[in-house]
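Below are the chains, spelled out letter by letter.
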Amino acid sequence: MVGGILSFLAALLHIGCIAFGPDWFRFFGAPEPLVVAYENGGNRLIWMTISITLVLTVWGLYALSGAGLFRRLPLLRTVLIIIAAIYVARGLFLIPAIVYVPYPEGAFDYWSSVIVLLYGLVHMVGIWKSWPDWKRKPQ
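Residues numbered from 1 in each chain as written. Predicted model: local features only at pLDDT ≥ 70, side-chain atom pairs only at ≥ 80, totals over all residues. Heavy atoms only, no water.

A. The arrangement of the overall build of the protein chain in detail. Counting secondary structure elements, the protein chain contains 7 helices and 0 strands. Along the chain direction, N to C, the helices and strands of the protein chain fall in the order α-α-α-α-α-α-α. C-alpha extents for the protein chain along the principal axes are approximately 55 × 35 × 20 Å. Buried residues in the protein chain amount to 35% of all 139 residues. Pairs at least 24 residues apart make up 56% of the contacts formed inside the protein chain by residues separated by at least 6 positions. Summed over its atoms, the accessible surface of the protein chain is roughly 9,100 Å², and 72% of this surface lies on carbon and sulfur atoms. (Helix = DSSP H or I, 4+ residues; strand = E, 2+ residues; numbered from the N terminus. Buried < 20%, exposed > 50% of the residue type's maximum accessible area, 1.4 Å probe, protein only. Contact = heavy atoms within 4.5 Å. Areas by Shrake-Rupley, 256 points an atom, 1.4 Å probe, with all protein chains shown as cover.)

Okay, here's the thing in structure tokens:
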């Protein structure tokens, strides 16, 4: 359940970026060229943010389904494992980035990686705790 709430929170923050504009996009780490294009009337950043929001919302729904708050969604175990893996991989991406490229650029890059890694770990704990409840029912 906590993983679902965290995914919904991340989705809400993305909606906040759309609602509150360039300062929010910058604060939450959007690439500067995309923010500048947005300020000049481009809509690519908006569509990217909407797409991320939709993905995070679906992830939240899957997590809540895994917690048993509503009916079991299709491929529940597989999707939850993929979600946790994506969060953990994104969180751990910082390590090779530090070693091999001139990245990260600021504190946000470090904090966002730690936060996303924690999201992944929360999802992993949820999967581990709920796994016995997800036994397949005979068809």
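B. Molecular detail of the environment of Phe108. Within the secondary structure, Phe108 is located in helix α7 (residues 107–130). In sequence terms Phe108 and Arg71 are 37 residues apart; their C-alpha atoms lie 37 Å from each other. Among residues more than four places away in sequence, those in contact with Phe108 are Phe27, Phe28 and Gly29.

C. Structural detail: the packing of aromatic side chains. Taken as a whole, this structure holds 6 aromatic pairs when the rule is applied. Pairing Phe25 with Tyr38 gives two aromatic rings, centres 5.3 Å apart and planes at 70°, and the pair type is edge-to-face. Remark: Tyr38 occurs in helix α3 (residues 32–39) and Phe25 occurs in helix α2 (residues 22–27); sequence separation between them is 13 residues. The class of Phe25 is buried, set by a relative accessible area of 2%. Centroid distance Trp59 to Tyr87: 4.9 Å. Interplanar angle 80°. Geometry classified as edge-to-face. Placement of the pair is Trp59 in helix α4 (residues 44–66) and Tyr87 in helix α5 (residues 76–92), with a sequence separation of 28 residues. A network of ring pairs unites the aromatic residues Phe20, Trp24, Phe27 and Phe28 as a single cluster. (Phe/Tyr/Trp six-rings, centres within 6.5 Å; stacked < 30°, edge-to-face > 60°.)

D. A look at the packing of α4 against α5. Close contact between α4 and α5 brings their axes to 10 Å; oriented N to C, the two are set at 125°. Overall, the two elements α4 and α5 adopt an arrangement that is oblique. The way α4 lies across α5 gives a crossing that is left-handed. Here Leu56, Trp59, Tyr62, Ala63, Ser65 and Gly66 of α4 lie close against α5, whose contacting residues are Leu76, Val79, Leu80, Ile83, Ile86 and Tyr87. (Axes fitted to C-alpha atoms, helices over the stretch in contact; angles between N-to-C directions. Parallel < 35°, antiparallel > 145°, perpendicular 65-115°, else oblique. Left-handed = near helix turned anticlockwise from the far one by under 90°.)

E. Main features of the pattern of salt bridges. Using the criterion set out here, one finds 2 salt bridges in the structure. Between Glu32 and Arg26 there is a salt bridge whose closest N-O contact spans 2.9 Å. Between Glu39 and Arg26 there is a salt bridge, with the nearest N and O atoms lying 3.0 Å from each other. Of the two residues, Glu39 sits in helix α3 while Arg26 sits in helix α2, which places them 13 residues apart along the sequence. (Salt bridge = Lys/Arg side-chain N within 4 Å of Asp/Glu carboxyl O.)

F. Seen up close, α4. For α4, with 23 residues, the first-to-last C-alpha span of 33 Å sits near the 33 Å given by 1.5 Å per residue. Along α4, the residues classified as buried are Leu45, Ile46, Thr49, Thr53, Leu56, Trp59, Gly60, Tyr62, Ala63, Leu64, Ser65 and Gly66. The positive-phi residue at the C-terminal boundary of α4 is Gly68, with phi of around 85°. (Expected span 1.5 Å × (residues − 1).)

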